[in-house]
Amino acid sequence: MGVDHVMLRPVAEDDLPVLERFLWDPEAAGSFEWHGWKDPGLWRRRWAENGLLGDDAGQLLVVCGDDRLGFVAWRKVVTSQLSFCWQIGIALVPEARGRGYGTEAQRLVVRYLFAHTQAARIEAGTEVTNIAEQRALEKAGFTREGVLRSYGFRDGQWRDAVLYSVLRDDVLPERDPA
């Protein structure tokens, strides 16, 4: 199946092993997202609490047909006393990377968040050396805003990040098929 068959859906209990893989398998997490061993019960506790869909954060599974490709996530970032934006992230299993699935999943989560929340801005960041993710974000409609120096700590050193954003006005509405 192609990229046009990528969908997002709520995480079911039998999907949790896919998410847990990112906690215990450095190859699954990838070189830019492996931050050491994590609590193996993290996802199960969060899923039992709210199905991984809360008011301030959420996760949806990325699927293509019956294949579970990974997940997209978002969290609320307060930007002023009366406003917020969403910060999104994505994790795909190694066998799904480099095929356009991440770009499409990020397009879909942007459309989802703009359709179901009042946020005017969605942002995403990645390390400056993660060229593949930068390309995926740009193809998904994000605009590069700048470099954040020493923004994230990974593998024993501080690393610079690139910040991207997409605004509600940047996203064209989906065409009505009728």
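Summary of the structure given here.

Cut-offs applied
- Residues numbered from 1 in each chain as written.
- Predicted model: local features only at pLDDT ≥ 70, side-chain atom pairs only at ≥ 80, totals over all residues.
- Heavy atoms only, no water.
- Helix = DSSP H or I, 4+ residues; strand = E, 2+ residues; numbered from the N terminus.
- Pairing = 2+ DSSP bridges.
- Axes fitted to C-alpha atoms, helices over the stretch in contact; angles between N-to-C directions.
- Parallel < 35°, antiparallel > 145°, perpendicular 65-115°, else oblique.
- Left-handed = near helix turned anticlockwise from the far one by under 90°.
- Contact = heavy atoms within 4.5 Å.
- Salt bridge = Lys/Arg side-chain N within 4 Å of Asp/Glu carboxyl O.
- Buried < 20%, exposed > 50% of the residue type's maximum accessible area, 1.4 Å probe, protein only.
- Core = buried A, V, L, I, M, F, W, Y, C linked by side-chain atoms within 4.5 Å.
- Phe/Tyr/Trp six-rings, centres within 6.5 Å; stacked < 30°, edge-to-face > 60°.
- Lys NZ or Arg CZ within 6 Å of the ring centre and 35° of its normal.
- Nonpolar A, V, L, I, M, F, W, Y, C, P; charged D, E, K, R; others polar.

## A look at unusual backbone geometry
Part 1 of the reasoning: Phi angles above zero are rare outside glycine, and L52 is one such case at about 65°.
Part 2 of the reasoning: Along the chain, the position of L52 falls in the loop between α3 (42-50) and β2 (57-64).
Part 3 of the reasoning: Backbone geometry places S150, a non-glycine residue, at a positive phi of 45°.

## Let's talk about the sheet that holds strand β3 (residues 67-80)
Part 1 of the reasoning: An order of β1-β2-β3-β4-β5-β7-β6 is seen for the seven strands of this open sheet, with the pairing classed as mixed. A single partner strand is all that each edge strand has here, and the edge strands are β1 (6-9) and β6 (143-154). Between one strand axis and the next, the sheet turns through 30° on average, direction left out of account.
Part 2 of the reasoning: Relative to strand β5 (residues 121-127), strand β4 (residues 83-92) runs parallel, the two sharing two bridges. In the sheet register, Q87 faces β5, and the bridge partner there is E123.

## Structural notes on the packing of helix α4 (residues 101-116) against helix α5 (residues 131-139)
Part 1 of the reasoning: At a minimum axis separation of 8 Å, α4 and α5 run at an interaxial angle of 45°. In this view, α4 runs oblique relative to α5, as classed from their interaxial angle. As for how α4 packs across α5, the hand of that crossing is right-handed. Counting all contacts with α4, which are made through T103, Q106 and R107, the residues of α5 involved are E133, A136, L137 and K139.

## Concerning the pattern of salt bridges
Proximity of charged atoms lets side chains of opposite charge pair with each other.
Part 1 of the reasoning: Evaluation of the coordinates by the stated rule reveals 12 salt bridges.
Part 2 of the reasoning: Among the ionic pairs, K76 bridges to D56, the shortest N-O distance being 3.3 Å. Within this pair, whereas K76 is found in strand β3, its partner D56 is found in the loop between α3 and β2, the two being separated by 20 residues in sequence.
Part 3 of the reasoning: Since its relative accessible area comes to 29%, K76 is described here as partly exposed.
Part 4 of the reasoning: Close ionic contact of E123 with R121 constitutes a salt bridge, the shortest N to O distance being 3.0 Å.

## Some thoughts on the nonpolar core
Part 1 of the reasoning: Residues L19, V62, I88, I122 and F142 are the most contacted members of the largest nonpolar core, which totals 42 residues.
Part 2 of the reasoning: Where this core is concerned, the elements lending two or more residues are β1, α1 (16-24), β2, β3, β4, α4, β5 and β7 (157-167).
Part 3 of the reasoning: Among the elements that take part in this core, α4 stands out by supplying six residues, more than any other.
Part 4 of the reasoning: If we skip the residues at most four places from it in the chain, I122 touches W86, I88, V110, L113, F114, F142, Y164, S165 and V166.

## Some points on the packing of aromatic side chains
Part 1 of the reasoning: Tallied over the full model, the rule gives six aromatic pairs.
Part 2 of the reasoning: Ring geometry for F84 against W86: centres 5.2 Å apart, planes inclined by 75°, an arrangement best described as edge-to-face.
Part 3 of the reasoning: Look at W86 and you get buried, because its relative accessible area is 3%.
Part 4 of the reasoning: Lying across the ring of W43, R46 places its NZ or CZ 5.9 Å from the centre.
Part 5 of the reasoning: Positioned above the aromatic ring of F84, the side-chain terminus of K76 is 4.4 Å from the ring centre.

## So, the packing of α1 against α3
Part 1 of the reasoning: Direction vectors running N to C along α1 and α3 enclose 140°, while the axes themselves pass 9 Å from each other. What the angle tells us is that α1 and α3 run oblique. Listed contacts from α3 to L16, P17, L19, E20 and L23 of α1 are L42, W43, R44 and W47.
Part 2 of the reasoning: Here the residues of the contact of α1 with α3 sort into seven nonpolar, no polar and two charged.

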